[in-house]
Amino acid sequence: MTGIAIITAGREDAYQDYLQSVKEGHDPAEFEEYLSDSEVEAVTDSETEKVHLWGTSVDSKWQFVESGDIALIYRDGRYIAQATVVRTREDLDLAEHLWRTEGNPWDPESPWRYLVFLTGVEEIDVDVESFNELAGYQDNYIPQGFSRVSDSRIRDIENAYESVETAVNELTGSGVRVHEFDEEPSQEESEEVQELDLGERIVAASRDGDQYEELEELVAKAFSRLGFEARWIEGGDDTDVEITAPIHAVIEVKARSSGTLASPDATRIQGHKERHSADQAIVVAPGFTPAAIEDADRQGIVLLATDHLQALLDRRDTYGIPPEALSAYLTEPGAFQDDRLDQIDDELRTRLGGTEDLLAVMEALQRADPEEGTANRLRLILKGMYNEERVPEQHVIEQSLNLLAHPSIQLAEYKEGQYQPTTTKENAEVLLRRFGNLITEVSKSGED
């Protein structure tokens, strides 16, 4: 959930701190004695090459602020700037270094030790009444000191808009718009897909430099179709797509009419990864040069060509391959190339072999008399159905029966020492081919 933090700069000294520390920012060299090199790099704005931050003594509100939250700066009845939270940090020594200066009303009993690092600072001009309407505050509400909009109000905003980011963008005309995607395509999209499927549209858009926004949206839809929780971040100096489950990754999307990306721009991508506290960074483009692949491997970035993304979509549509099964291949640094796709295909063949055994046992169950629903009797039936080499061993039939009667599947039931089918083989085939991951995991449990 993206939150909203409110920074007040009403007093003149607070406004001067805003001008110096938030709007202008500090030279990264000022932080070298207090932060590690990687931390300094993470909090340095890639556009301004400065470190922007605010300090507060209000830890009760500060402790709930998270990376990716929106920060709004308030002064004299108007919101004058907005930014994105990069990270937070409690650091009294650094706060004293920055703000315990002559003329600044530093209070040793209540120091501004709770720091909020910011990026993408932009000036805005929004009256307080308009924001109060968005957040559901009373008309005369005036922010006093550092605060954070409550989660309940944030949920109300999310229910009224696509996202908190989109709501703030519509209010301020600044920042980004975030679009959440469901896995299932809309009816309108389904009609369009009849002419050109999603994978083909992605490949085509990736080779057209004028379709970069469409490509970003299509890639977000693709990852959603693959089963990931995905959202498109439209506009602003931010990543293009973020997936939050079952892995957390930022995705940079690049269209190139030449068909290849020469450099993944690792520094910028790592900054986006830090901003969103993501675990992985992925670059999607039509293709990559050998130098880009080597650079990505060194920098811990994953490169995914659009034709390989199309291939993953095809496998998802055909076999229902779950996102958990794809995650390992999408988080290994370097380029996702044919060898990774071959590994996925090998796993699918193994999984489908297990599914075929289940379907064979299911068909034998339907042919069996009520008193023949045991593993040894079913094996005799299977010998009459298939060649000897195709007939599963008795322990495989026993595992298959246990799985078919599993509460998560319920294609068979166990009564009075016999297994009986609960549906037809045709219905079982539809279900089993959609639950490949479940079949694998439950089979392992049965073996254990």
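Everything numeric here is computed off the predicted structure, so don't read it as measured data.

Brief notes about the layout of surface pockets
The space that makes up the largest pocket amounts to roughly 740 Å³. What lines the largest pocket is a set of 39 residues, among which Thr 2, Gly 68, Glu 165, Arg 231 and His 276 lie closest to the centre. At the level of secondary structure, the elements contributing two or more residues to the lining of the largest pocket comprise strand E4 (78-90), strand E5 (114-127), helix H7 (164-172), strand E7 (177-180), strand E8 (229-234) and strand E9 (241-245). Split by residue class, the lining of the largest pocket holds 10 nonpolar, 16 polar and 13 charged.

Details of the packing of helix H9 (residues 198-206) against helix H10 (residues 212-225)
Axis separation between H9 and H10 bottoms out at 10 Å; the angle between their running directions is 150°. With respect to H10, the element H9 is oriented roughly antiparallel. Crossing of H9 over H10 shows left-handed handedness. For the pair H9 and H10, the contacting residues are Leu 198, Arg 201, Ile 202, Ala 205 and Ser 206 in the first and Leu 215, Leu 218, Val 219, Lys 221, Ala 222 and Arg 225 in the second.

With respect to the packing of H10 against helix H13 (residues 306-319)
Orientation of H10 relative to H13, taken along the N-to-C sense of each, is 35°, at an axis distance of 10 Å. Handedness of the crossing formed by H10 with H13: left-handed. Residues Val 219, Ala 222, Phe 223 and Arg 225 of H10 touch H13, and the partners they reach there are Leu 309, Leu 313, Arg 316 and Asp 317. Residues belonging to the contact of H10 with H13 are distributed by class as follows: 5 nonpolar, no polar and 3 charged.

Description of H10
Given a rise of 1.5 Å per residue, 14 residues ought to cover 20 Å, and the 20 Å separating the end C-alpha atoms of H10 matches this to within 8%. Residues Leu 215, Glu 216, Leu 218, Val 219, Ala 220, Lys 221, Ala 222, Phe 223, Ser 224 and Arg 225 constitute the buried set of H10.

Comments concerning the pattern of salt bridges
Side chains that differ in charge, positive against negative, can pair when their charged atoms come close. For the structure on display, the rule yields 22 salt bridges. Close ionic contact of Arg 148 with Asp 151 constitutes a salt bridge, the shortest N to O distance being 3.1 Å. Residue Asp 151 is classed as partly exposed on the basis of its relative accessible area, which comes to 32%. One salt bridge connects Glu 413 with Lys 415, and the closest N-O pair in it is separated by 3.5 Å. In this structure Lys 415 comes out as partly exposed when scored by relative accessible area, which is 49%. Shared partners join several salt bridges into a network, and the residues in it are Glu 12, Arg 75 and Asp 76.

Focus on the side chain of Gln 270
Along the polypeptide, Gln 270 turns up in helix H11 (residues 266-275). You can call Gln 270 buried: its relative accessible area is 19%. There is a polar contact of 2.9 Å between the side chain of Gln 270 and the backbone oxygen of Gln 299.

Structural notes on a negative patch on the surface
A contiguous patch of negative charge, built from Glu 294, Asp 297, Asp 307, Glu 332, Asp 338, Asp 339 and Asp 342, is present on the exposed surface. Among the secondary structure elements, those contributing two or more residues to the negative patch are helix H12 (290-299) and helix H15 (338-367). Positionally, Asp 338 belongs in helix H15.

Comments concerning the environment of Glu 426
Structurally, the position occupied by Glu 426 is in helix H18 (residues 425-434). Classification of Glu 426 as exposed rests on a relative accessible area of 52%. Taking the C-alpha atoms as reference, Glu 426 lies 9.7 Å from Met 362; in sequence the two are 64 residues apart.

So, the environment of Glu 274
Locating Glu 274 in the fold gives a position in helix H11. Considering only alpha carbons, one finds Glu 274 and Phe 181, 93 residues apart in sequence, at a separation of 23 Å. With near-sequence residues (within four places) excluded, Glu 274 lies in contact with Ala 42, Val 86 and Arg 87.

Quick look at the nonpolar core
Grouped together as the largest cluster of nonpolar side chains are 38 residues, with contacts concentrated most on Val 219, Phe 223, Ile 251, Leu 309 and Leu 330. Per element, the largest residue contribution to this core is 6 residues, and it comes from H10. The residues touching Leu 330, leaving out its near neighbours within four places in the chain, are Phe 223, Phe 228, Ile 282, Val 302, Leu 304, Leu 312 and Phe 336.

Let's talk about the sheet that holds E8
Across the sheet, which stays open at both edges, the 7 strands sit in the order E7-E8-E9-E10-E11-E12-E13 with mixed pairing between neighbours. With one partner strand each, in any of the chains shown, E7 and strand E13 (334-336) form the two edges of the open sheet. Averaged over all neighbouring strand pairs, the angle between strand axes comes to 25°, with direction disregarded. Bridge count between E8 and E9: 4 bridges; the pairing is antiparallel. Along E9, the bridge assignment pairs Trp 232 with Val 241. Strands in contact with H13 are strand E11 (280-285), strand E12 (302-305) and E13; relative to E12, the strand with the most contacts, it is inclined by about 75°.

Looking at the packing of aromatic side chains
In total, this model carries 11 aromatic pairs according to the counting rule given. With a centroid separation of 5.5 Å and an interplanar angle of 75°, the aromatic rings of Trp 106 and Trp 112 are classed as edge-to-face. By relative accessible area, Trp 106 is classed as buried at 12%. For Arg 75, the ring lying beneath its charged end belongs to Tyr 15, and the centroid distance is 4.0 Å. Seen from the ring of Tyr 386, Arg 390 lies directly overhead, with NZ or CZ sitting 5.0 Å from the centre.

Each value, and the rule that gives it
- Residues numbered from 1 in each chain as written.
- Predicted model: local features only at pLDDT ≥ 70, side-chain atom pairs only at ≥ 80, totals over all residues.
- Heavy atoms only, no water.
- 1 Å grid on protein atoms, 1.4 Å probe; cavity = no way out; pocket = protein on both sides within 12 Å on 5 of 7 lines; lining within 4 Å.
- Points joined across faces, edges and corners; volume = space filled by probe spheres on them.
- Helix = DSSP H or I, 4+ residues; strand = E, 2+ residues; numbered from the N terminus.
- Nonpolar A, V, L, I, M, F, W, Y, C, P; charged D, E, K, R; others polar.
- Axes fitted to C-alpha atoms, helices over the stretch in contact; angles between N-to-C directions.
- Parallel < 35°, antiparallel > 145°, perpendicular 65-115°, else oblique.
- Left-handed = near helix turned anticlockwise from the far one by under 90°.
- Contact = heavy atoms within 4.5 Å.
- Expected span 1.5 Å × (residues − 1).
- Buried < 20%, exposed > 50% of the residue type's maximum accessible area, 1.4 Å probe, protein only.
- Salt bridge = Lys/Arg side-chain N within 4 Å of Asp/Glu carboxyl O.
- Polar contact = N/O pair within 3.5 Å; in protein donor to acceptor, adjacent residues only side chain to side chain.
- Patch = residues over 30% accessible without salt bridge, like charges linked within 9 Å, V, L, I, M, F, W, Y side chains within 5 Å.
- Areas by Shrake-Rupley, 256 points an atom, 1.4 Å probe, with all protein chains shown as cover.
- Lys, Arg positive; Asp, Glu negative; His and termini not counted.
- Charge placed at Lys NZ, Arg CZ, Asp CG, Glu CD.
- Core = buried A, V, L, I, M, F, W, Y, C linked by side-chain atoms within 4.5 Å.
- Pairing = 2+ DSSP bridges.
- Phe/Tyr/Trp six-rings, centres within 6.5 Å; stacked < 30°, edge-to-face > 60°.
- Lys NZ or Arg CZ within 6 Å of the ring centre and 35° of its normal.

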